[in-house]
Amino acid sequence: MSPVASVHSLWTVAAGAPGKIPAPHIEYAELSPTLIVLGAAVIGILIEALVPRRHRYYSQLLLSLVALAAAFAAVIGLAAGGFGSSKAHIAAMGAVAVDGPALFLQGTILLVSLIAVFTFAERRLEPAAHGEGASPARTKGRAWGRVDSFAAQPAAVPGSAAEQAAVKAGFTTTEVFPILLFAVGGMLIFPAASDLLTLFIALEVFSLPLYLLCALARRQRLLSQEAAVKYFLLGAFSSAFLLFGVALLYGYAGTVTYAGIAEVVSDGAKQIDPALAGTMGNDALLLIGAALVLMGLLFKVGAVPFHMWTPDVYQGAPTPVTGFMAAATKVAAFGALLRLLYVVLPGLRWDWRPVMWGVAILTMLGGAIVAITQTDIKRLLAYSSIAHAGFLLAGVVATSEDGVSSVLFYLGAYSFVTLGAFAVVTLVRDAGGEATALSKWAGLGRRSPLVAAVFAVFLLAFAGIPLTSGFAGKFAVFKAAAQSGAGWLVVVGVLSSAIAAFFYIRVIVLMFFNEPKADGPTVAVPSPLTTTAIAIGVTATLVLGLAPQYFLDLAGQASVFVR
Amino acid sequence: MSFPLLTVVAAVPAAGAVATAALPAARRTAAKWLALLVSVVTFALALVVAFRFDPGSKSPYQFTESHAWISDFGVRYALGVDGIAVALIALTTLLIPFIILAGWHDADPLEEAAPNRRWRPTQGFFALILAVEAMVVISFEATDVFVFYLFFEAMLIPMYFLIGGFGDRAGGEDEDGAARRRSNAAVKFLLYNLAGGLIMLAAVIGLYAVTADQLGSGTFSLQQIVEARAAGRLHIGTGTERLLFLGFFFAFAVKAPLWPLHTWLPGAMGESTSPVAVLITAVVDKVGTFAMLRFCLQLFPEASSWATPVILVLALISVLYGALLAVAQRDIKRLIAYASISHFGFIILGIFAMTSQGQGGATLYMVNHGISTAALMLVAGFLISRRGSRLIADYGGVQKVAPILAGTFLIGGLATLSLPGLAPFVSEFLVLVGTFSRYPVIGIIATLGIVLAALYVLVLYQRTMTGPVKPQVSGLPDLRVRELVVVAPLIALLLFLGVYPKPLTDLVNPAVDHTLSVVDKKDPKPTVQVDAVPGGGRHGHAVREQDVEAAK
């Protein structure tokens, strides 16, 4: 038999019994949040293609807001319908979990994205022709144009004539909205993914749009593109690790579903697949595979030693994107990490806990210590986000329901603070765009006390000062860690909090106690969009700090994973 | 439900802070008056608490309020006061109006400064003072460890802005340098206290874990924990208890401040304006010593006994070290700061002597030290604002030019060195007697602190007020009416409490006895019968005169 014929016979055998392939059973209603967002993203692409340029901005903005709000309403509906607790189950043929943590995280991601859309849509900060001649004097007041913080023509080579022409013409890039929606769609699946392949696909669905968004900064195009390339390369590496880990775990368990792997981990392999007879139940595969998958997730989380991309990407990306990434990606990635550790690998707890302890300690201390030397506000916030990832990991290693609920609460609290902080960063500008160098922030408290005070509130929340959401979150996480016997982790946690407090305080000193410089930046007056985003951030920070009980309850009810 | 009096005492200044901060930039004077009014109302409310408080009552805490707050953390919004807390709330609310009056012009914008519609330092200054007051009052009232911790930490932020944002413009030519030193002092203050607070946070979480482990559900209620321990339902392992105690004590020792954690205080007091310095030493730092009494001793009695020897030695070092460094200072405000360190040493000595005289005396000491330091520091502030210098060497012969100022300064100084007849004498005497009855050697060595106190106060007075009139000093005006209004009542109070401290001792003693009963310590049988009310002043008298001799 010729090789061609043998392949042909395989085909005919496979196609021989078409009736035996069951049509997948999809619970559309239960997946509606994701479907709404992804559907809206597709419509957004169509808008780019079909709607005249001058109408695109408003239609895209409206579409994104409506879609995210509708998806959020769907999440609320599902939670109210008991899918967070009694009716929790795994939908879509075992691919996507609909349970408490998933719904809580999806709700958080959707709210965060809703606010991120506000900052994406901000068009009062950049002067229309921001190129040469856009001096602060001209940009003050009347000369504000109508462009956002995204590149006029991303395809143009930085510094080329084509780019300058695009800038002069005041082009804008409305495709950021559908790109954002695609990313959100992936993030919604990521923490709910209940088999390793879905996990991987969700990862790619939200990562690819983020790589793109990072490259789109209107100012400092080279820095932005460099950030995107770094993010893409390192992200591709980590995806490859993850995928390799998935393959090894499949070899170990003979399945990619979380429940199946968990069963093999705890009870051993029952039915040996003949094709995998040599590998199934081999602990080496399990350990290496689990480690590789964890690496992929820890990369997204930004934990030391997989954090190298964070500062560069946070600095180079357009600030609204940075805010969105810092908040939503972290939520999604921690959700996936929690599910993996709590559903797939609880039987391996004694193996991964010491490792995660180490990672948590390294992350807390590393983030806090390196942040001290930063001179750029966006890099500083990037390192601070690393330190916060460490605090979150302290909750993750608690391996208790309290641990899950505390991490959920912390994620909610942290993401609003982050969004608000980056929104403030977009406001502080000089002739070169955003003035992110810390030295330029000197005396900001004298020029615009309100903006500086708001930023100080965010910094204090980052530092975990009582009466802010940061404190409530930190307390919840450390409490869970202490109860699980990780007392020394808590001690390291508070020590690194003390170190971290130093650089947050330094920024406050700079803003309030230093004299403003003559050529310092001005604070732009934003449209109601950014104002709303910042106001929501401040409100959430204070409400979660003063009266966290309702949200702790919510997180507590949502802390059981379905298996 | 009864009227939430304690909440109101704290809520009034908090609301006042918001209202003051909200006034527009041009309404500076209105902001001052509003702040003053609010602080006086708060004092009136505190007096209501003090007069309706029943010292003889059986229950350890009165006016209790308790509401569910964060049930996930086992936190209840639980307030209640014992005699110690009432006395300290009265002190705090009493001092704030004087602090506001004394700082009336401290936060006026510089005349040459460009007008800026948004920058409102005056409103900010008074709003921050009221915010600190609200948080301090809540920390005195909290009977829930978590609630206490929240406000104990949160008060750092307004304090930090008060220290870093407002200077006394006594830096001379070098105003930029002064601003830098000031912001450094503020950062140092914040980092020390934040580090202390965060270590305490670990202990707070540990306490929760222990109670959750043994009582089924975690709790922060002081009373519940104390009762559970007494009933044997809660047993904290020795090692754990010691670690938790150290976590709590570290934070309070930073705040108090105890040697060797004191180094933030001289900078913070020296660089800030004198009303803010009073706020630090007379009000905020008292939370530290108060918390030792209320939380360290009651939550961890065994560990407290275990740590007592070391703490007593540290307190003793504080007493002597603070006094010695005060003698060596060239800067008036830093001198008073080091004197305060010495006094805080006495307070901690009294607390950990674990006798009723010692702890009663320590509580009185907190109140009296607040009043006497306020008097001395505020007069010093008036003096410094006249001359524009903090250096002792820049003064001389002031008493010829401004006799009233010099006189009030002298009385404040004499109170600081615990002259008999003035209030601090009573408390210092009680602390020494209390310490001596259990730890005679330490008591004797601590007496040296008094000798040194006489030295630094009298030398300070001699160098600044007596002698030939220096040319720059010759034109100094005497105290103005506003300044007299600040100083006169404080001095009157010092005299009154010096001869008749009974109202205060009656208030404080039952609470002290309660604390001691929790710690399970009984007074050693006294060899000499000592009454809590001085009339027994004779004992100290001889010593005192020797001191004055020695000082000369």
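Parameters at a glance
Position numbers for residues start from 1 in each chain and track the written sequence from start to end. Here the convention is simple: chains get letters from A, ligands get numbers from 1, in the order in which they are written. For a predicted model such as this one, the threshold for reporting local features is a pLDDT of at least 70, and the threshold for listing and counting side-chain atom pairs is 80 or more; totals across whole chains, interfaces and linings nevertheless cover every residue. The helix and strand labels rest on DSSP assignments: H or I over at least four residues marks a helix, E over at least two residues marks a strand, and numbering proceeds from the N terminus. Two things to know: the radius of gyration comes from C-alpha atoms, and the globule rule equals 2.2 Å times the number of residues to the power 0.38. Comment: burial labels come from other C-beta atoms within 10 Å of the residue's own C-beta, placed from the backbone, where a count of 20 or more is buried, 12 or fewer is exposed, and between is partly exposed. What counts as a contact here is a pair of residues whose C-beta atoms, placed from the backbone, lie within 7 Å. Two strands pair under a simple rule: DSSP has to find at least two bridges between them. Residue polarity follows a fixed list, in which Ala, Val, Leu, Ile, Met, Phe, Trp, Tyr, Cys and Pro are nonpolar, Asp, Glu, Lys and Arg are charged, and the others, Gly among them, are polar. UniProt positions are given in the numbering used here, feature names are shortened, and annotations may be inferred rather than shown by experiment. pLDDT: the predictor's confidence for each residue, scored from 0 to 100. The axes are straight lines fitted to the C-alpha atoms, using for helices just the contacting stretch, and the angles between their N-to-C directions are given from 0 to 180°. Note on terminology: angles under 35 degrees are roughly parallel, angles over 145 are roughly antiparallel, angles of 65 to 115 are roughly perpendicular, and the others are oblique. Each helix crossing is assigned a hand: it is left-handed if the near helix lies turned anticlockwise from the far helix by less than a right angle, otherwise right-handed if that turn is clockwise. One less than the number of residues in a helix, times 1.5 Å, gives the span that helix is expected to have.

### Let's talk about the overall build of chain B
- Scanning chain B from terminus to terminus reveals 21 helices and two strands.
- By the compact-globule yardstick of 24 Å for 552 residues, chain B fits well, its C-alpha radius of gyration being 22 Å.
- Taken along its principal axes, the extent of the C-alpha atoms in chain B is 70 × 60 × 40 Å.
- Looking at the 552 residues of chain B, the share that counts as buried comes to 61%.
- Considering only intrachain contacts with a sequence separation of at least 6, the fraction spanning at least 24 residues in chain B is 82%.

### As for the overall build of chain A
- Each helix and strand in chain A was counted, giving 22 helices and seven strands.
- Scaling as 2.2 N^0.38, a compact globule of 563 residues should have a C-alpha radius of gyration of about 24 Å, and chain A matches this with 24 Å.
- Of all 563 residues assigned to chain A, the portion counted as buried reaches 59%.

### Remarks on the environment of A:Ala40
Residue and element names in this part refer to chain A.
- Within the secondary structure, Ala40 is located in helix α2 (residues 32-50).
- Spatially, the C-alpha atom of Ala40 lies 9.5 Å from that of Gln60, the residues being 20 residues apart in sequence.
- Setting aside residues no more than four positions away along its own chain, Ala40 makes contact with Leu63, Ser64, Ala67 and Leu181.

### With respect to the sheet that holds strand β6 (residues 433-434) of chain A
All names here are of chain A.
- Read across the open sheet, the three strands follow the order β6-β5-β7; overall the sheet is antiparallel. Each having just a single partner strand, β6 and β7 (522-523) make up the two edges of the open sheet.
- Both strand β5 (residues 428-430) and β7 contribute to a ladder of two bridges, which runs antiparallel. What sits directly across from Val428, in β7, is Val523.

### Examining the interface of chain A and chain B
- Between chain A and chain B, the contact holds 28 residues from the first and 31 residues from the second.
- Looking at the side of chain A that touches chain B, the elements that each hand over two or more residues are α18 (449-463), α19 (469-483), α20 (487-513) and α22 (549-557) of chain A.
- It is α20(A) that provides the largest number of residues to the side of chain A that touches chain B, a total of twelve residues.
- Classifying every residue of the side of chain A that touches chain B by side-chain character gives 20 nonpolar, six polar and two charged.

### So, the UniProt feature "domain: NADH:quinone oxidoreductase/Mrp antiporter transmembrane" (unreviewed entry) in chain A
- The positions that UniProt labels "domain: NADH:quinone oxidoreductase/Mrp antiporter transmembrane" (unreviewed entry) are, in the present scheme, residues 193-499 of chain A.
- Here residues 193-499 of chain A runs as 76% helix and 2% strand, with 36 Å between its end C-alpha atoms.

### A word on the environment of B:Pro501
- Within the fold, B:Pro501 resides in the loop between α19 (481-499) and α20 (502-519).
- In this structure, the C-alpha to C-alpha distance between B:Pro501 and B:Ile450, residues 51 residues apart in sequence, is 21 Å.

### Topic: the pairing of strand β2 (residues 75-81) of chain B
Residue and element names in this part refer to chain B.
- With six of its seven residues buried, β2 lies for the most part within the structure.
- Summarising the sheet, strand β1 (residues 62-70) and β2 pair through six bridges and their orientation is antiparallel. The residue of β2 that forms the bridge with Ala68 is Arg76.
- Here β1 hands over to β2 after four residues, with Gly74 in that stretch at a positive phi of 70°.

### Examining the confidence of the model for chain B
Residue and element names in this part refer to chain B.
- When pLDDT is averaged along chain B, the result is 83; 91% of the residues meet or exceed 70.
- Predicted confidence is poor over residues 532-552, with pLDDT under 50, and the contacts of this stretch with residues over four places away or in other chains come to 26 contacts.
- Our summary of model confidence lists the complex with pTM equal to 0.86 and ipTM equal to 0.81.

### Brief notes about the packing of helix α4 (residues 100-120) of chain A against helix α7 (residues 176-189) of chain A
Residue and element names in this part refer to chain A.
- It is the contact of α4 with α7, at a shortest axis distance of 10 Å, that shows an interaxial angle of 165°. One way to sum up the angle between α4 and α7 is to call them roughly antiparallel. Where α4 crosses over α7, the handedness of that crossing is right-handed. For the pair α4 and α7, the contacting residues are Gln106, Ile109, Ser113, Val117 and Phe120 in the first and Val176, Phe177, Leu180, Val184, Met187 and Leu188 in the second.
- Residues belonging to the contact of α4 with α7 are distributed by class as follows: nine nonpolar, two polar and no charged.

### Section: the environment of A:Thr363
- Within the secondary structure, A:Thr363 sits in helix α14 (residues 349-371).
- In sequence terms A:Thr363 and A:Ala387 are 24 residues apart; their C-alpha atoms lie 5.8 Å from each other.

### What to know about α14(A)
Residues and elements named next belong to chain A.
- Here α14 spans 32 Å end to end across 23 residues, near enough to the 33 Å set by a 1.5 Å rise per residue.
- For α14, the set of buried residues is Trp352, Met356, Val359, Ala360, Thr363, Met364, Gly366, Gly367, Ala368 and Ala371.
- Residues of α14 that are buried in the fold lie against α11 (283-301), α13 (319-344), α15 (377-396) and α20.

### So, the confidence of the model for chain A
All names here are of chain A.
- For chain A, the mean per-residue pLDDT works out to 85, and 93% of the residues sit at or above 70.
- When mean pLDDT is taken per element in chain A, α7 scores highest with 94 and helix α5 (residues 136-139) scores lowest with 42.
- Predicted confidence for residues 131-145 stays below pLDDT 50, and this span has 22 contacts to residues more than four positions away or in other chains.

### Quick look at the packing of α18(A) against helix α21 (residues 528-546) of chain A
Residues and elements named next belong to chain A.
- Between α18 and α21, the shortest axis-to-axis distance is 10 Å and the interhelical angle comes to 45°. Judged by the angle between their axes, α18 and α21 are oblique. In this structure, α18 meets α21 at a crossing whose hand is left-handed. Contacts between α18 and α21 involve Val454, Val457, Phe458 and Ala461 on the former and, on the latter, Ile534, Gly537, Val538 and Thr541.
- Grouping the constituent residues of the contact of α18 with α21 by class yields six nonpolar, two polar and no charged.

### Notes on helix α3 (residues 83-102) of chain B
- For α3(B), built from 20 residues, the straight-helix expectation of 28 Å at 1.5 Å per residue is met to within 8% by its first-to-last C-alpha distance of 29 Å.
- Counting buried positions over the 20 residues of α3(B) gives 19, a clear majority of the element.

### So, unusual backbone geometry
- Looking along the chain, the bond that leaves A:Val304 and enters A:Pro305 is cis, with omega of 5°.
- With respect to the element layout, A:Pro305 can be found in the loop between α11 and α12 (309-316).
- The step from B:Trp259 to B:Pro260 runs through a cis peptide bond, and the omega angle for that step is 5°.
- Relative to the helices and strands, B:Pro260 resides in the loop between α9 (238-255) and α10 (264-271).
- Backbone geometry at A:Gln220 places phi at a positive 50°, although glycine is not the residue there.
- Residue position: A:Gln220 is located in the loop between α8 (196-214) and α9 (221-253).
- For A:Gln220, a count of 18 C-beta atoms within 10 Å corresponds to the partly exposed category.
- With phi around 45°, A:Thr399 is a residue other than glycine that occupies positive phi space.
- For A:Thr399, the position within the fold is in the loop between α15 and α16 (401-427).
- You can call A:Thr399 partly exposed: it has 18 C-beta atoms within 10 Å.

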